[in-house]
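These are the residues of each chain, in order.
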Amino acid sequence: MTQTELAKCLELERASVGHVIDQLEKADYVERRAVEGNRRVWTLHLRPKAIGILPALRAEADVVYERLLAGISANDIATFKRLLASMSANL
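Let us look at the structure shown here. In this text the structure is predicted, and so the values were computed from the model without any measurement.

### Details of the side chain of Thr2
Here is step 1: Mapping Thr2 onto the fold places it in the segment before α1 (3–10).
Here is step 2: Contact partners of Thr2, with chain neighbours within four places excluded, come to Val41, Trp42, Thr43 and Leu44.

Below, the structure written as structure tokens:
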């Protein structure tokens, strides 16, 4: 994935994402690799250090989601997702 693609997925500015990627690269969590044939485009790749913490991050995210969605029905969650998608499409 490129920095531009990641910024689009996160709905953030490319420069903001770039700053975070700079920090992650310095900490050896990601690396940028030049795209063959286009020196202006770089793809992002996880380093072993990042891959090693993914299971713990997933577990923490699951706990947060469980707390966040406690007491909310599946129907309400589906409605909320649909509304968010509509609002995002309006932008």
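### Brief notes about the pairing of strand β2 (residues 38–46)
Here is step 1: In this sheet, β2 lies alongside strand β1 (residues 30–35) in antiparallel orientation, the contact comprising six bridges. Bridge pairing in β2 places Val30 opposite Leu46.
Here is step 2: The turn linking β1 back onto β2 is made up of two residues, and Gly37 within it adopts a positive phi angle of 90°.

### Details of unusual backbone geometry
Leave glycine aside and you will find that most residues have negative phi; peptide bonds, for their part, are mostly trans.
Here is step 1: Positive phi is not limited to glycine here, since Glu11 has a value of about 55°.
Here is step 2: Considering the arrangement of structural elements, one finds Glu11 in the loop between α1 and α2 (14–26).
Here is step 3: Even without being a glycine, Asp28 presents a positive backbone phi close to 70°.
Here is step 4: Considering the arrangement of structural elements, one finds Asp28 in the loop between α2 and β1.

### Description of the pattern of salt bridges
Here is step 1: For the coordinates displayed, the defined rule picks out six salt bridges.
Here is step 2: Ionic pairing is found between Glu31 and Arg33, a salt bridge with its closest N-O pair at 3.0 Å.
Here is step 3: Here Glu31 falls in the partly exposed class, since its relative accessible area comes to 23%.
Here is step 4: Two residues, Arg47 and Glu31, come together in a salt bridge whose shortest N-O distance is 3.5 Å. Linking Arg47 in the loop between β2 and α3 (48–68) with Glu31 in strand β1, this pair joins segments that are 16 residues apart in sequence.
Here is step 5: Given a relative accessible area of 27%, Arg47 falls into the partly exposed group.
Here is step 6: Residues joined in a network through salt bridges with shared partners are Asp28, Glu31, Arg33 and Arg47.

### With respect to the packing of aromatic side chains
Here is step 1: Evaluated as defined, the whole model comprises zero aromatic pairs.
Here is step 2: The lysine or arginine in question, Lys49, covers the ring of Tyr29, its NZ or CZ lying 4.7 Å from the ring centre.

### Describing the environment of Leu91
Here is step 1: By secondary structure assignment, the location of Leu91 is in the segment after α4 (74–90).
Here is step 2: Taking C-alpha positions, Leu91 is 29 Å from Arg67, a pair spaced 24 residues apart along the chain.

### Regarding α3
Here is step 1: Between the first and last C-alpha of α3 there are 30 Å, a value that for 21 residues agrees with the 30 Å anticipated at 1.5 Å per step.
Here is step 2: Of all bends in α3, the biggest is about 40°, found at Leu54, and the proline Pro55 comes one to four residues later.

Calculation notes
- Residues numbered from 1 in each chain as written.
- Predicted model: local features only at pLDDT ≥ 70, side-chain atom pairs only at ≥ 80, totals over all residues.
- Heavy atoms only, no water.
- Helix = DSSP H or I, 4+ residues; strand = E, 2+ residues; numbered from the N terminus.
- Contact = heavy atoms within 4.5 Å.
- Pairing = 2+ DSSP bridges.
- Salt bridge = Lys/Arg side-chain N within 4 Å of Asp/Glu carboxyl O.
- Buried < 20%, exposed > 50% of the residue type's maximum accessible area, 1.4 Å probe, protein only.
- Phe/Tyr/Trp six-rings, centres within 6.5 Å; stacked < 30°, edge-to-face > 60°.
- Lys NZ or Arg CZ within 6 Å of the ring centre and 35° of its normal.
- Expected span 1.5 Å × (residues − 1).
- Bend = angle between axes of the 7 residues up to and from the residue.

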